[in-house]
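Structural characterization, general
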Amino acid sequence: MTGAFRVLDRHLKVFGRTWQHNLMFNVMEPLLYLSAMGFGLGAFVQEIDGMSYIQFIAPGMIALSAMYSATFECTYGTFVRLHYQKAFHAMLAGPVTVKDVVLGEILYGMMKSVLFGIVILVVVALLGQIPSWQALWIPLFLILPGTLFSIMALCYSGITTNIDYINYYITLVIMPFFLFGGLYFPVSALPGVVQKLNWLNPLYHSVEVCRALAFGNPAQAIGFHVAILAAMSALLLPLPIRLMKTRLLS
Amino acid sequence: MIKLDYVISAQNLSKKYGSFQALKGISFRIQEGECFGFLGHNGAGKSTTMRMIYGLSTVDEGQLTIWDQPITLTPPEIKSRLGIVPQEDSLDPDLTVLENLEVYGGLFGLSRSQSQMLGRQLLDDMGMLEKEHDSVESLSGGLKRRLVIARALINQPQIIILDEPTTGLDPQARHQVWQKLRSLKSQGVTLILTTHYMEEATQICDRLVIMHEGLILAEGSPMELIARCVLPYVIEIHLPIQDVPEQLMKHAGRFNAEVLQVANGIFLYCQDGHRLWEQLKHWDIPQHACFLRPSNLEDVFLKLTGKGEEQ
C-alpha cells in the first residue's frame, strides 16, 4: 500500500498545478444542471415527496459531481498518463508495482470525487437547499461511489486503445446512469424493468443516500445502498489490476 | 584467483510475444562497476532484455538473476536500487524540471526536502540548474534526456540501465551524456546500456554483446571484438557494382584480403592497408572513389550480422 500512496502523492503534486481547470470542469456542469433544471423545470413542478423541486435535485448534483470527477479522472486522465505521458511506465521503473499504480489511480479518483462533491455540497447548502445537518456525512459517504466509479472507469481505460473510444463509455454507461438514476424525478416513475436495472446503477444508490442524508431521514435503507456500493467495489477491484497488468507488462 | 562479482546474469533467456520470438536464448554476465553494452539494430531484442531487468517484462523461459536473486518479475526491493533511463522520456509535462525530480524521489520514499536537495545537486551535475523552474515542455531534446538521466540517479542507484540514451540527440548533447556516464562509472556505478550507435559502444563500453534477431552473436571488449572478428584495416570502395573490376576477388585473394559487399559498395579488409592502397591503381580502381581507415566495431557488426555479404 505504501507504493499506492506514493503514486497518489505524485498525482496530488500534479493536482496542485491543475486544480483550477479541474474545478471548472467538475463543478460547473452540475451547477448548470441545477440552475437550468431547478429554476426552469422547477417552475412547473410543485413538490416531490414534500420537497421543492430544487431541493429534490440538489443532493443528486453532489452525487453527479462525485461520479463525474472519478469517471473523467480515471478515463481521460488515466488514458493520457498511460499512453501519452508514459507516466505509468516511468513509475514502474521505480519501486512500485502495477497494483500500486492502479490503487494510486483509484485513491486519486476517489479523493477528487469527495473533494468536488464537497464543493457542490457547500454551494447548494449556501443556496439554502440542504435542510439537515446529517448532510455532513455526505463527504464520508462519497468515498464509496468515488472508489466504485474510479474502478469502473479504470476497467474501461485498461481495455480501450484509443482515446476517442472513451466516448462509448461516457455515452453508453455514464449517461444512462445519469438519466435514469433518479436525479431529476423519482425512479418510481420509471417502468418496472428500468427500476430493476437501477439496482445496478451506482449513481442511483449514490443519489438515494445523498438525498436521504440531505433531508435527515437515514432510516430509508441507507445501509442497503451502501452495502451494494461496497459489494460492487470489492467485486470489481481485482479487474482493473489484471487489465493494467496485461497492458503494462509483457 | 580474482573473484568476479556478477551483479546480473542470464542463462538461456528467451521471450516470445505471440508467435514472435523476441529473444532466442541469450546468456550474459555483468560485472560490478563495468559498463556493459547491448549493441544491435531495432528489433534485435535489446529492449526486451532491458525490460526484463527492470521489471516491465516477465521472465518466462531461462533464468535471470539480479544480485543473486532469481527473477520472474523484478520486485520493488530490487527496483529501488536500480536507476532506469527508458527509451521514451516519460517526463511529467505538468510539472517543472525540479518538481519532476521531487515527485520521482517521492516514489522511492524520499521526503520532499531530501529530493529537492538531491534534485538540485543532480541538476547542477548535469549543468542545468538554471532550468530548475522551467517547464519540461520548454526543454530541448538534449536537456530532456539529461533530466531523465538525473531522474534515474535520484535514488543513488547501484546499477543504471540506459535504453538507447542518446537516440535523437545532436552530437554535442551526445558527448555531454557520454561525459556524465563516464563520470558515473568512475564512481563505481555499474552501467548497462543499449545502443545502435557503434561509436557510442566503442567510446563507453568496457564489454559488450552484439545482438541480432534475438541472439547474442559475440561478446567482448570493443578492441577484442575488432581484433577477433575483422582484419585491422579496411578500404571502402564506393563504386557502382558493375564498375568494379571482375579480377578484384582474385587480386584480393593474393593479398589475403577479405571482401564484403555492403549496400553502398565493397569493403576490403586486410592486414596492411597502406600496401593494398598502393595496389588499387594497378587494379583499375580509382583511389578517389576509395577510403582507407582502421576497422571498427561497425565492421564487426556488419560481418557478424551478415548485413554485408561475404564474397
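All figures in this text were calculated on a predicted structure; none of them were measured in a lab.

All right, on to the overall build of chain B then. The number of helices and strands found in chain B is eleven helices and 15 strands. Out of the 311 residues belonging to chain B, those deemed buried represent 54%. Within chain B, contacts between residues separated by at least 24 positions form 67% of all contacts whose residues are at least 6 apart in sequence. As displayed, chain B offers around 13900 Å² of accessible surface, 48% of which is attributable to carbon and sulfur atoms. Counting 29 positive and 39 negative side-chain charges, chain B places the averaged centre of each group 3 Å from the other.

If you check the backbone angles, K86(A) has positive phi at about 55 degrees while not being a glycine. On the secondary structure map, K86(A) appears in the loop between helix 2 (53-84) and helix 3 (87-92). A residue is classified by how much of its surface remains accessible, and K86(A), at 23% relative accessible area, is partly exposed. Positive phi, normally seen in glycine, also occurs at D284(B), with a value near 65 degrees. When you line up the elements, D284(B) lands in the loop between helix 10 (273-279) and strand 14 (290-294).

Let us now look at helix 11 (residues 297-305) of chain B. All buried positions along helix 11 of chain B are accounted for by L297(B), D299(B), V300(B), F301(B), L302(B) and T305(B). At the C-terminal side of helix 11 of chain B, G306(B) shows a positive phi close to 70 degrees.

According to the domain assignment, chain B consists of domain 1 (6-226) and domain 2 (231-294). On a C-alpha basis, the centres of domain 1 of chain B and domain 2 of chain B stand 39 Å from each other.

Our focus in this paragraph is the packing of helix 9 (residues 222-236) of chain A against helix 10 (residues 238-248) of chain A. Residues and elements named next belong to chain A. It is the contact of helix 9 with helix 10, at a shortest axis distance of 5 Å, that shows an interaxial angle of 25 degrees. Between helix 9 and helix 10, the angle is such that the two are roughly parallel. Across from A234, L235 and L236 in helix 9, the residues of helix 10 making contact are P238, L239 and P240. Along the lines of polarity and charge, the residues of the contact of helix 9 with helix 10 split into six nonpolar, no polar and no charged.

The next thing to look at is the interface of chain A and chain B. Listed per partner, the contact involves 21 residues of chain A and 31 residues of chain B. Taken together, the two surfaces of chain A and chain B that pack against each other cover about 2400 Å², and 59% of this comes from carbon and sulfur. The closest approach of N and O atoms between K13(A) and E102(B), which form a salt bridge, is 3.1 Å. Joining chain A to chain B, the criterion identifies 14 residue pairs in polar contact (both at pLDDT 80 or more). Secondary structure elements with two or more residues in the side of chain A that touches chain B: helix 1 (2-40) and helix 3 of chain A. In terms of residue count, the dominant contributor to the side of chain A that touches chain B is helix 1 of chain A (seven residues). Of the residues in the side of chain A that touches chain B, the class split is ten nonpolar, five polar and six charged.

Another aspect to go through is the packing of aromatic side chains. For the coordinates displayed, the defined rule picks out 19 aromatic pairs over all chains. One Lys or Arg, R174(B), reaches over the ring of Y197(B) and ends 4.1 Å from the middle of that ring.

Turning our eyes to something else, we now look at the environment of R10(A). Tracing the backbone through its elements, the reader meets R10(A) in helix 1. R10(A) sits 98 residues away from Y108(A) along the chain, and the two C-alpha atoms are 9.8 Å apart. For R10(A), the side chain forms a polar contact with the side chain of D92(B), separated by 2.4 Å.

It is worth spelling out the pairing of strand 8 (residues 190-195) of chain B at this point. All names here are of chain B. Most of strand 8 is tucked away: six of the six residues are buried. Both faces of strand 8 are covered, namely the face carrying T190, I192 and T194 and the face carrying L191, L193 and T195. The sheet contact formed by strand 3 (residues 35-39) and strand 8 spans five bridges and is parallel. Residue pairing for strand 8: F38 is matched across the bridge by T194. Note: strand 7 (residues 159-163) against strand 8, five bridges, orientation parallel. Among the inter-strand pairings, I161 is bridged to a residue of strand 8, identified as I192. As for the winding sense of the linkage, the β-α-β connection from strand 7 through helix 6 (residues 171-186) to strand 8 is right-handed.

Cut-off values and rules
Residues numbered from 1 in each chain as written. Chains lettered and ligands numbered in written order. Predicted model: local features only at pLDDT ≥ 70, side-chain atom pairs only at ≥ 80, totals over all residues. Heavy atoms only, no water. Helix = DSSP H or I, 4+ residues; strand = E, 2+ residues; numbered from the N terminus. Buried < 20%, exposed > 50% of the residue type's maximum accessible area, 1.4 Å probe, protein only. Contact = heavy atoms within 4.5 Å. Areas by Shrake-Rupley, 256 points an atom, 1.4 Å probe, with all protein chains shown as cover. Lys, Arg positive; Asp, Glu negative; His and termini not counted. Charge placed at Lys NZ, Arg CZ, Asp CG, Glu CD. Domains from an automatic or database assignment. Axes fitted to C-alpha atoms, helices over the stretch in contact; angles between N-to-C directions. Parallel < 35°, antiparallel > 145°, perpendicular 65-115°, else oblique. Nonpolar A, V, L, I, M, F, W, Y, C, P; charged D, E, K, R; others polar. Buried area = accessible area lost by both parts, 1.4 Å probe. Salt bridge = Lys/Arg side-chain N within 4 Å of Asp/Glu carboxyl O. Polar contact = N/O pair within 3.5 Å; in protein donor to acceptor, adjacent residues only side chain to side chain. Phe/Tyr/Trp six-rings, centres within 6.5 Å; stacked < 30°, edge-to-face > 60°. Lys NZ or Arg CZ within 6 Å of the ring centre and 35° of its normal. Pairing = 2+ DSSP bridges. Right-handed = clockwise from strand over helix to strand, strands pointing away.

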